[in-house]
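Each chain, letter by letter, is given below.
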Number of protein chains: 2
Amino acid sequence: MKVAVVGVGQTRMGEIWEKSLRDLSLEAGSLALQDAGLEGKDIEALFIGNMSAGRFIGQEHLGALMTEQAGLLPIPATRCEAACASGALAFRKALFSILSGHHEIVMVGGAEKMTDLSTGQAVATLASAGDQEWESHIGLTFAGLYALMARYYMEKYGLTREELALVPVKNHMHAMKNPYAQYRYEITVEDVINSPMISDPLRLLDCSPISDGAAAIIIAGEKVAKKFSSPVWFIGGGHASDTVSLHGRKSLSSLSAAIKAAEIAYRQAGVKPKDIDMAEVHDCFSIAEIMAYEDLGFAPKGKGKELLISGETKIGGRMPVNTDGGLKVGHPVGATGIKQIIEIVRQLRGKACNQVRDAKIGLAHNVGGSGATAIVNIFSREGG
Amino acid sequence: MKVAVVGVGQTRMGEIWEKSLRDLSLEAGSLALQDAGLEGKDIEALFIGNMSAGRFIGQEHLGALMTEQAGLLPIPATRCEAACASGALAFRKALFSILSGHHEIVMVGGAEKMTDLSTGQAVATLASAGDQEWESHIGLTFAGLYALMARYYMEKYGLTREELALVPVKNHMHAMKNPYAQYRYEITVEDVINSPMISDPLRLLDCSPISDGAAAIIIAGEKVAKKFSSPVWFIGGGHASDTVSLHGRKSLSSLSAAIKAAEIAYRQAGVKPKDIDMAEVHDCFSIAEIMAYEDLGFAPKGKGKELLISGETKIGGRMPVNTDGGLKVGHPVGATGIKQIIEIVRQLRGKACNQVRDAKIGLAHNVGGSGATAIVNIFSREGG
């Protein structure tokens, strides 16, 4: 059996102090229903990706809470968590629920409300996605973890500070047309390398922001999905794990879980990296996008930067990446994996803010923590 | 396709200060592998139920962490959360992963490390399973929520304080033979009604404890499961949601999600309440077990206490409930749903600490929060 995305909805991302996590989730879910032309009573189960509402807003048990809030009672609700890959994880569990024969139409949401805490508290909460006993407890933040990877990569492959800056410069440029982006202004390489130091070599403009936001999609099994005008088909996916702490890894310049997840996804989809028309990758820090190019097979090891220098991953290039601006312009952690799928759906429907001409196949790459979880999903315009 | 439990393992429950959540999880997982006669390399995916490690020990991203700790990398890992129903939720998602055709053998763990916080902090963390905006924020704890239900039930159905005490008295008696129980001593009705008041009418001995502990099971698809000597078959399950806050409910004397989940489970299993030989029910507070009898169809509404007075749910009775002592003698919240399944497996294998003669069918009833999530699963000795 095949599964397709038949509806999508998202909120803007940003410091949305006037709305709660409930409000944001309800807004995204309602927009997804509206987009699909469905009503709440059509939804058979709810899945929600959320990293840490327990710490961000003092609320666990989000599955039932969102089901109640959306008026969907008494359907079953599932919250999934794998740090910043919680969204893609929820998608995969929802997918399995359809493939297992239990459901025909389910909603998958992702949401996070991060700005109710101080920045320091939010950074400490995010650090709970790292290894508490080996890393977070001694003060290693996520910027610190990715800074270690960035420094190692730069030394090993001769990546310069200026070249690294090309990632956020591209993504901010893409975000200019994205109405949901937290930031809609262009930045230059000079802006990046002169922005405040966060964790050497990473500066403020290398980092994704702390964001509020929610995203929701509706997925359906083949029989039902075919009744919709523009279903976007899931054609393959992979999910793999690695050590949570960096010290246990064989390499600091690639994410082995992402390599493994991509390998499984390509095999299931029956496509190769060159068949991908556009991708949403997990650019939580600038170095992460360059490593993703290589882990996903878009560039040979150590050559990721060439896709940036040549403009191939810019809109108009051969294979645009993060056409909505990526995580750099909004990263409500639990929502990110779903928001990535939404951008792919928009591209494959031909209705994206930066439309890739004749996009047929899109790939989403969602990473949890510093790479302990990686999930890759591939979608196609055709295939029903 | 059918699915069976082929291996089980658990730690003792209690204040286990000398062991971390990693240690406990590894111990339970290793025992499950040993019980199944399998090795780590045989496991294709890991699911873990955990309510709030982010708050209890500052660690999110438990799926990958436990996969690493157990030496199972790079298999996919999923953490599921639905408050105290996180264990049964993880079981259901694992079940779907097998039924979807993605895996043949998976491990499902449940774990919680609750005693690293002060009791006050632990109670506040547990309150995050209630509605933060409507209940927890104004100081309503779980003892308070269940006290409201107990008071309502007692007034409406004429349940006396002494009759309510029969629940923990029975469960402590059952726990005398359970080597994993946090408490192994008998208590009397007088002990219960003279124990310190927690939230009127509930007293200390009406409440399940704050516990550390972990439990793990290994489940397999039909083809693989048949190779094991004593597989215990899953024959039906249901999962439903209700409002998180009590004020939104139609009734305070039953859990509508549990009634719904049970209805679905009985239908899928093709059995009726009278066919159940033993059950593990969610007795987080004494009143919850009496409501469970009625929600599950073991007794008519308002008559649940009669099963206690007559001794029918005591070991030796017609349908023993909580034969290992239930939540009253250990409730590491994320582990509870898995621990319940383990007790059913032991009973159906004929190897329980309080063996029910010729037990063929067992039922597990796991509740999240004050009833916003309810999951019922039914297992059978035969059916492969």
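If you're wondering where the values come from, they're calculated on a predicted model, not measured in any experiment. (Residues numbered from 1 in each chain as written. Chains lettered and ligands numbered in written order. Predicted model: local features only at pLDDT ≥ 70, side-chain atom pairs only at ≥ 80, totals over all residues.)

Student: It is not clear to me how the overall build of chain A should be interpreted in this structure. Could you clarify?
Tutor: The secondary structure content of chain A amounts to 14 helices and 11 strands. At 19 Å, chain A has a C-alpha radius of gyration in line with the 21 Å of a compact globule built from 384 residues. Taking all 384 residues of chain A together, 66% fall into the buried category. Once local pairs closer than 6 in sequence are excluded, the contacts in chain A between residues at least 24 apart make up 77%. (Helix = DSSP H or I, 4+ residues; strand = E, 2+ residues; numbered from the N terminus. Rg over C-alpha atoms; globule rule 2.2 N^0.38 Å. Buried ≥ 20, exposed ≤ 12 C-beta atoms within 10 Å, placed from the backbone. Contact = placed C-beta atoms within 7 Å.)

Student: Could you clarify how one ought to interpret the domain arrangement of chain A in this entry?
Tutor: It is common to report an interface's size as the accessible area lost on association of the parts. All names here are of chain A. Domain boundaries assigned for chain A yield domain 1 (3–118 + 210–225) and domain 2 (138–208 + 238–328 + 348–376). For domain 1 and domain 2, the distance between their C-alpha centroids amounts to 24 Å. Taken together, the contact pairs 13 residues of domain 1 with 13 residues of domain 2. Ranked by residues supplied to the side of domain 1 that touches domain 2, first place goes to helix α4 (residues 86–99) with 4 residues. Considering only residue class, the side of domain 1 that touches domain 2 consists of 7 nonpolar, 4 polar and 2 charged. (Domains from an automatic or database assignment. Nonpolar A, V, L, I, M, F, W, Y, C, P; charged D, E, K, R; others polar.)

Student: What exactly am I supposed to notice about the packing of helix α6 (residues 142–157) of chain A against helix α12 (residues 286–295) of chain A here?
Tutor: Geometrically, a packed helix pair is captured by the angle between its two axes and the distance between the axes. All names here are of chain A. Packing of α6 against α12 brings their axes to within 9 Å, and their N-to-C directions diverge by 55 degrees. Judged on the interaxial angle alone, α12 and α6 are oblique. Remark: the crossing between α6 and α12 carries left-handed chirality. Across the interface between the two elements, Tyr 146, Met 149, Ala 150 and Tyr 153 from α6 touch Ile 287, Ala 288 and Met 291 from α12. Split into classes, the residues belonging to the contact of α6 with α12 amount to 7 nonpolar, no polar and no charged. (Axes fitted to C-alpha atoms, helices over the stretch in contact; angles between N-to-C directions. Parallel < 35°, antiparallel > 145°, perpendicular 65-115°, else oblique. Left-handed = near helix turned anticlockwise from the far one by under 90°.)

Student: How should I be thinking about the relation of the copies chain B and chain A in this particular structure?
Tutor: Superposition of the two copies of the chain requires a rotation about an axis together with a shift along that axis. Rotating chain B by 180 degrees about the axis while translating it 0.0 Å along that axis superimposes it on chain A, leaving an RMSD of 0.0 Å. With respect to symmetry, the two chain copies, as superposed, fit the operation of a two-fold axis. No C-alpha of chain B approaches the rotation axis more nearly than that of Ser 100 of chain B, which lies at 1.9 Å. The residues that chain B uses at the interface reappear at the interface of chain A in 100% of cases, marking a shared surface. (Least-squares fit on C-alpha atoms with pLDDT ≥ 70 in both.)

Student: Can you walk me through the environment of Asn 194 of chain A in this structure?
Tutor: All names here are of chain A. You can see Asn 194 is positioned in helix α9 (residues 189–194). Judged by the 12 C-beta atoms lying within 10 Å of it, Asn 194 falls in the exposed class. Separated by 105 residues in sequence, Asn 194 and Ala 299 place their C-alpha atoms 28 Å apart.

Student: What am I meant to see in the interface of chain B and chain A here?
Tutor: On the side of chain A, 52 residues touch chain B, which itself brings 52 residues to the contact. Where the side of chain B that touches chain A is concerned, the elements lending two or more residues are α2 (53–56), α3 (62–69), β3 (77–81), α4 (86–99), β8 (232–241) and α11 (256–269) of chain B. Of the residues assigned to the side of chain B that touches chain A, the class counts are 20 nonpolar, 23 polar and 9 charged. In this structure, strand β3 (residues 77–81) of chain A lies alongside β3 of chain B, joined through 3 bridges in antiparallel fashion. (Pairing = 2+ DSSP bridges.)

Student: Even after reading the chapter, I still don't get the confidence of the model for chain A, so can you show me in this structure?
Tutor: Detailed conclusions should not be drawn from predicted coordinates in areas where pLDDT is low. For chain A, mean pLDDT is 97; residues scoring 70 or higher make up 100% of the total. The complex prediction reports pTM at 0.98, with the ipTM value standing at 0.97. (pLDDT = per-residue confidence, 0-100.)

Student: Hey, could you run me through helix α3 (residues 62–69) of chain A in this one?
Tutor: Count 3.6 residues to each turn of an α-helix, and residues three or four apart come out pointing the same way. Taking burial as the measure, the 8 residues of α3 of chain A include 7 buried ones, the bulk of the element. All of the buried residues along α3 of chain A are Leu 62, Gly 63, Ala 64, Leu 65, Met 66, Thr 67 and Glu 68 of chain A.

Student: Would you explain the nonpolar core in this entry?
Tutor: One recurring pattern in soluble globular proteins is that nonpolar side chains are buried together. Core analysis: the largest hydrophobic core is formed by 270 residues, its most contacted members being Tyr 146 and Ile 219 of chain A together with Tyr 146 and Ile 219 of chain B. Each of domain 1 (3–118 + 210–225) and domain 2 (138–208 + 238–328 + 348–376) of chain A accounts for three or more of the residues forming this core. The contact partners of Tyr 146 of chain A, leaving out residues within four places of it in the chain, are Leu 202, Cys 284, Phe 285, Ile 287, Ala 288 and Ser 370 of chain A. (Core = buried A, V, L, I, M, F, W, Y, C linked by C-beta atoms within 7 Å.)

Student: Could you clarify how one ought to interpret the pairing of β8 of chain B in this entry?
Tutor: Every other side chain in a regular strand lies on the same face of the sheet, so the side chains alternate between the two faces. Residues and elements named next belong to chain B. In terms of residue burial, β8 counts as a mostly covered element, since 9 of its 10 residues are buried. Judged from the 3 bridges that link them, strand β1 (residues 3–10) and β8 form a sheet pairing that is antiparallel. By the bridge assignment, Val 3 is partnered in β8 with Phe 234.

Student: What is the right way to look at helix α14 (residues 333–349) of chain A in this model?
Tutor: Residues and elements named next belong to chain A. For α14, built from 17 residues, the straight-helix expectation of 24 Å at 1.5 Å per residue is met to within 8% by its first-to-last C-alpha distance of 25 Å. Burial analysis of α14 places 16 of its 17 residues in the buried class, which makes it a mostly covered element. Among the residues trailing α14, Gly 350 stands out with phi positive, at a value near 80 degrees. (Expected span 1.5 Å × (residues − 1).)

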